[in-house]
Amino acid sequence: MSKELEQISELESRKVAEASRETEWKQPSFLREMFLGNFRLDLIHPYPLPAEERPEFAAFYNAMKEFLRDQVDPVEIDATGEYPEQVVEGLRKLGAFGMKIPKKYGGLGFSNVEYQRVMQLLGSVDGNLSALLSAHQSIGVPQPLKLFGSEELKKKYLPRCAAGEISAFALTEPQVGSDPARLQTDAERTPEGDFIINGEKLWCTNGTLAKLLVVMARDPKSKKISAFVVETSWPGVKVEHRCHFMGLRALANAVITFKNVRVPAENLIGTEGKGLKIALTTLNDGRLSIPNGSVGTSKLCLEICRKWASERVQWGRPVGKHEAIAHKIADMAATTFAMESIVALATEMSDRGGYDIRLEAAACKEWNSDRTWEIVDETMQIRGGRGYETAKSLADRGEVPIPVEQIMRDYRINKIFEGSSEIMHLFMAREAVDKHLQVAGAMIDPEKSMADRLAELPKISAFYASWYPTRWLGWGQWPRYQEFGALATHLRFAERNTRRLSRQIFHGMIAYQGKLQNRQAFLFRLVDVANELFAIAASVARAYAMQEAGHPEAANAAELADLFCRNSRRKVLHLFHELWANDDVRKYKVALRVLDGKHAWLEEGILGLSERPQAEASLKPEAVQPSNPDPVPVPKVRPIGTH
Ligand SMILES: Cc1cc2nc3c(=O)[nH]c(=O)nc-3n(C[C@H](O)[C@H](O)[C@H](O)COP(=O)(O)OP(=O)(O)OC[C@H]3O[C@@H](n4cnc5c(N)ncnc54)[C@H](O)[C@@H]3O)c2cc1C
């Protein structure tokens, strides 16, 4: 490993993340307000039910559905590990590579709501196709160009993307996973103003097929990261290796190297040094694809379980009528309703404008991917041995080839890419404490002198003298929200516990001060509370809107919303309890001892990695960078945030 990489400290990683953070909140955000103790129901109520479909979109959607039904065989795609050419061509003909691209650049000009309906559909069909289309237009060239590209760049590349030239997003490197501070790919200015890119990118989805890439590279001197459109046909761009995974077997995923690749100045996206900000902003919207796709996957699981648990009889009853399985199915339905409620809301907000949805998008990504993974796991349990058996094997012996085994393999990655579950928690936790850092950050900044800190005291006292007491006030009891009928109690709970959440954030700041940033277990519980409260509020608002609209399924929706909220409330109370009654410190100490090899004795009795020369080599410290194990390093007042 290079000396330079060795020297990148936790603090520097935080600085890079902080520098790429959007610091301002110009538009309202439901979750941001929640962290401050304000239950802003008005931001999500009346809940936006889906509008009547535009005929143009309906025609596309139906054609797409027919195409997926008649032309796509997910089991075959999995078995061959390739995208069939006629499938890719068929998608091109449908215009699927240009769904989000405005019409004036040759795309279909769909809204985000429309695009995400297609993502939900794909989530129920094949993860490989979801990844192909999503890597291309949720994070690939079209999205950052739409948001930040010059008119010339848009004119040059968007029509090509819309016509089906596949694009990809290249940020990750062997040493850059969740931590962009370690980025090594260089983009050096030439005297003429162009850039020369050198470096290596890892796990670039669509990389083996792509004609166009968004590449993140840094100035070797200033270390500032910029984003570029790079054509794979240019000299010096090389696909070194196609990566293969547990699932998504057809993924055209590549290691790509760049050797003295000359990139014209006009291919810089946005301004120099703003690459990470561009990547993060791109992801605000782009991140909604996974949670929308997850709803599709969960709905399919629900259908699989509903049908199988009704027809499979064991011990004298359909398995779905044994309580253990019945409960799983009820939870699955209620959670799927809640997942759809939050992500449909966030997607609608992104189209409507006037909201800042970066927290809601992160919440949807984290919450829906975690919940869907649980649902996939339960689906396998309910299908029993048939869940574990491959679809082909089921078909070969004359059973319906329901590919739960493949769904599980394909789905798992969603908790890792486009911001892992841990990184989503960190991202949200950073914003949860943002206001407190703004107001009182000086008090816990070790770089500030005592005089500086004292000078800040009047401002801090003035803020908290009014803010803190009012976090205890407010009416979250009957008859508040009684227009919501039987569901009102859940909104009252959300209201009361929003204030409690903000108090707990504040208490955490007081108790841990600068060390709070390292108290991930504490912070993650706060984020989990916020996500549950968001899901409660969105589910109730949606059920109510359906009732108001005279929706034929309104009563069914209310039943699911009610069950979801009951479950969720118990989780919230448990999370609050665990904030202060836990084994966090003990666990961390044990973990450090495990990492230090003190419990290696427990690994006796296996064929260990040290006895397998190849595996051992790949885990050498040069290959894997341990993070700073210090539980409470003296921090600068730098946030919790990262990618
Ligand atoms: C199939 C696949 C497709 C991909 N497609 C793309 C693509 O198209 N473009 C692209 O640029 N990248 C892509 N990636 C990369 C993907 O985004 C990364 O895998 C992801 O960012 C995580 O990085 P990592 O795997 O190196 O894990 P690491 O960052 O090494 O993290 C390892 C574990 O530690 C956790 N962790 C890391 N930092 C912290 C922290 N500060 N606090 C707590 N926990 C932490 C992580 O959540 C994870 O659980 C892809 C990866 C895969 C496997």
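First things first, this report covers the structure right here in the doc.

In terms of nonpolar packing, the biggest core is built from 95 residues, with Phe 39, Met 428 and Leu 501 touching the most fellow members. Looking at this core element by element, the count peaks at 19 residues for helix H22 (residues 520–548). When residues no more than four places from it in sequence are discounted, the contact partners of Phe 39 are Phe 30, Met 34, Tyr 481, Leu 491, Ala 494, Glu 495, Thr 498 and Ala 537. In this structure, Leu 145, Cys 204, Ala 217 and Val 261 belong to the second largest nonpolar core, which totals 45 residues.

This next bit is on the site of the ligand. Around the ligand there are 20 residues in total, and Phe 169, Thr 172, Ser 178, Ser 420 and Glu 422 lie nearest to it. A distance of 2.8 Å separates a nitrogen atom of the ligand from a polar side-chain atom of Thr 205. Contact distances for the ligand include 3.0 Å between a nitrogen atom and a side-chain N or O atom of Gln 520. Broken down by secondary-structure element, the contributors of at least two residues to the shell around the ligand are strand S1 (167–170) and helix H18 (421–432).

Time to look at the packing of helix H13 (residues 323–352) against helix H14 (residues 358–383). Running from amino to carboxyl end, H13 crosses H14 at an angle of 155°, the nearest separation of the two axes being 10 Å. Between H13 and H14, the angle is such that the two are roughly antiparallel. Considering the relative orientation of H13 and H14, their crossing is left-handed. Between H13, through Ile 325, Lys 328, Ile 329, Met 332, Thr 335, Thr 336, Ala 338, Met 339, Ile 342, Val 343 and Ala 346, and H14, the contact on the second element is made entirely by Glu 360, Cys 364, Trp 367, Asn 368, Arg 371, Thr 372, Ile 375, Glu 378, Thr 379, Gln 381 and Ile 382.

Attention now moves to the pairing of strand S4 (residues 212–218). In terms of burial, S4 is largely enclosed, as seven of its seven residues are buried. The alternating pattern of S4 places Leu 212, Val 214, Met 216 and Arg 218 and Leu 213, Val 215 and Ala 217 on opposite faces, both of which are buried. Note that S1 and S4 share four bridges and pair parallel. Each bridged residue has a counterpart across the sheet, and for Ala 168 the counterpart in S4 is Leu 213. Bridge count for S4 against strand S5 (residues 225–231) is seven bridges, and the pairing is antiparallel. Along S5, the bridge assignment pairs Leu 213 with Val 230. Linkage of S4 to S5, two consecutive antiparallel strands, is achieved through a turn of six residues, within which Lys 223 is found at a positive phi near 65°.

It is worth spelling out the pattern of salt bridges at this point. Evaluation of the coordinates by the stated rule reveals 43 salt bridges. Residues Arg 32 and Asp 434 are paired through a salt bridge, measuring 3.0 Å at the closest nitrogen-oxygen approach. With a gap of 402 residues between them, Arg 32 in helix H3 (residues 30–35) and Asp 434 in helix H19 (residues 434–440) connect regions that are remote in the sequence. Across the pair Arg 409 and Glu 405 runs a salt bridge whose closest N-O atoms are separated by 2.7 Å. Separated by four residues within a single helix, Arg 409 and Glu 405 lie in helix H17 (residues 404–411), roughly one turn from each other. For the pair formed by Arg 409 and Glu 405, the shared burial category is buried.

The rules behind the values
Residues numbered from 1 in each chain as written. Predicted model: local features only at pLDDT ≥ 70, side-chain atom pairs only at ≥ 80, totals over all residues. Heavy atoms only, no water. Core = buried A, V, L, I, M, F, W, Y, C linked by side-chain atoms within 4.5 Å. Buried < 20%, exposed > 50% of the residue type's maximum accessible area, 1.4 Å probe, protein only. Helix = DSSP H or I, 4+ residues; strand = E, 2+ residues; numbered from the N terminus. Contact = heavy atoms within 4.5 Å. Near = heavy atom within 4 Å. Polar contact = N/O pair within 3.5 Å; in protein donor to acceptor, adjacent residues only side chain to side chain. Axes fitted to C-alpha atoms, helices over the stretch in contact; angles between N-to-C directions. Parallel < 35°, antiparallel > 145°, perpendicular 65-115°, else oblique. Left-handed = near helix turned anticlockwise from the far one by under 90°. Pairing = 2+ DSSP bridges. Salt bridge = Lys/Arg side-chain N within 4 Å of Asp/Glu carboxyl O.

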